[in-house]
Every structure is written in structure tokens, then in C-alpha cells.
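# Secondary and tertiary structure notes
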Amino acid sequence: LAKQFETELFQVLESAHAQGMEQVMHAKPDAYRKLIKLSGSFLQNSLRVGLISKDGTLHAERYVPQLLFRKRWRMLGDLPFLYQFLDIEAVADAAYQLQFGNPRNVDIRLKAAERVGEQDSRFDVDVAKALVLYQGKESKRALLYLENVLKNRPDDFVINEFHLFLSNDTK
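This text gives an overview of the structure that appears in the document. Computed from a predicted model, the values in this text were never measured in an experiment.

### Points about unusual backbone geometry
Of note, Lys28 is a non-glycine position whose phi angle comes to about 50 degrees, a positive value. Summarising the element assignment, Lys28 is placed in the loop between α2 (21-27) and α3 (30-39). On the accessibility criterion, Lys28 (44% relative accessible area) is partly exposed.

As C-alpha cells, then:
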């Protein structure tokens, strides 16, 4: 089902590149109908969060939609969503949560930042966590977090600038 979903999705995206997503959704070609049957509101949700643009551009790696499809069905089947996922797939899911996840899901996104940081030493987990807190409307918590980070990284330009921004924002 995940492979069939992927096939239908990329046919819809290809059509959207040529005609625009609104036209494809209005015309409801066979690939679109199959995609909706397989995935329900996946396309609409992907458009809403910015994973997919109205011109059919996918703003993530090509494998991300299939990963999300498999995760959804695992959750619906009451299986742990990481069941049979490769580590890299779990990291890809975490990166998706950071980029497209609901800002109100602060705890999920904080764990996602840690997961990405475990796999990529260049990823600044502290900045990501402070940003997750800020996006989740927890500016004071983000400010306190950065104050603790500054104890170990007092000369870090990015941390200092973000701290300054939050200091002004929470006044």
C-alpha cells in the first residue's frame, strides 16, 4: 500500500506541476481519487503544513511521504510507529516533525530535536530546542533554557543573539 500510495502521490504532484494543484483537485483524475482513497486527508494536510506546495513541489526528501504513510498506518494499527523503521527513517520522521510539525506539540518536537542531534553532530540541538519552545508559545521557558546553555557556551554568537531576542520579546 505504501508503494501504491507513493506512485499515486507522485502522479498527482506531476500533474500539479503542469496544471496547478487546484485544477488537479477539481478535475479529480484517477491518480487523485486513488490517492485520496489510500491516504484520506494526507494531501490536504500536506498542503496546509507546507510539505507540498500548490504547484506540486514536495518540500522534503522524496521518501518522506511514504514514511509518513507507513507511520500513520502503524499508529492506526496500534503498533509502535518506529516498529520496523530503520534508524535513518526515524531521524527523517524527527526532521519532519521539526520542520512541519504542529508548534503546539512541544514535547514531541523537543524529542525530535534530540533525535536529529544524535545523528548529525552539526545540528545545534540547543538552538533547535529554544526555537521549538518559542514556536510553541513558551518564550519564557525558551529564555530560561538559553540562559542555562549560555553557562556552557558564553561566547556563542547565535545563542547570545537568540537570548537577546527572547529577552526583548518577553518584556
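Anyway, onward from the coordinates.
### Examining helix α7 (residues 106-119)
Each full turn of the α-helix corresponds to 3.6 residues, which orients residues three or four apart in the same direction. Between its terminal C-alpha atoms α7 stretches 20 Å, which fits the 20 Å expected from 14 residues at 1.5 Å a residue. Every buried residue belonging to α7 is among Val106, Arg109, Leu110, Ala112, Ala113 and Val116, and all of these are buried. In a view along the axis of α7, the buried residues occupy a sector of 160 degrees, so they form one face of it. More than 90 degrees from the buried face of α7, the exposed residues found are Lys111 and Glu118.

### Digging into the packing of aromatic side chains
Under the defined criterion, the tally for this structure stands at six aromatic pairs. Between the aromatic rings of Tyr96 and Phe100, the centroid separation amounts to 5.4 Å while the plane-to-plane angle is 35 degrees, which identifies the pairing as tilted. Pair noted here: Tyr96 and Phe100 are both in helix α6 (residues 87-100), with a separation of four residues, about one helical turn. The exposure class of Tyr96 is buried, given its relative accessible area of 15%. Grouping aromatic residues by their ring pairs yields a cluster made of Phe5, Phe42 and Phe69. Lying across the ring of Phe10, Arg62 places its NZ or CZ 3.7 Å from the centre.

About the cut-offs
Residues numbered from 1 in each chain as written. Predicted model: local features only at pLDDT ≥ 70, side-chain atom pairs only at ≥ 80, totals over all residues. Heavy atoms only, no water. Helix = DSSP H or I, 4+ residues; strand = E, 2+ residues; numbered from the N terminus. Buried < 20%, exposed > 50% of the residue type's maximum accessible area, 1.4 Å probe, protein only. Expected span 1.5 Å × (residues − 1). Arc of directions from axis to C-beta. Phe/Tyr/Trp six-rings, centres within 6.5 Å; stacked < 30°, edge-to-face > 60°. Lys NZ or Arg CZ within 6 Å of the ring centre and 35° of its normal.

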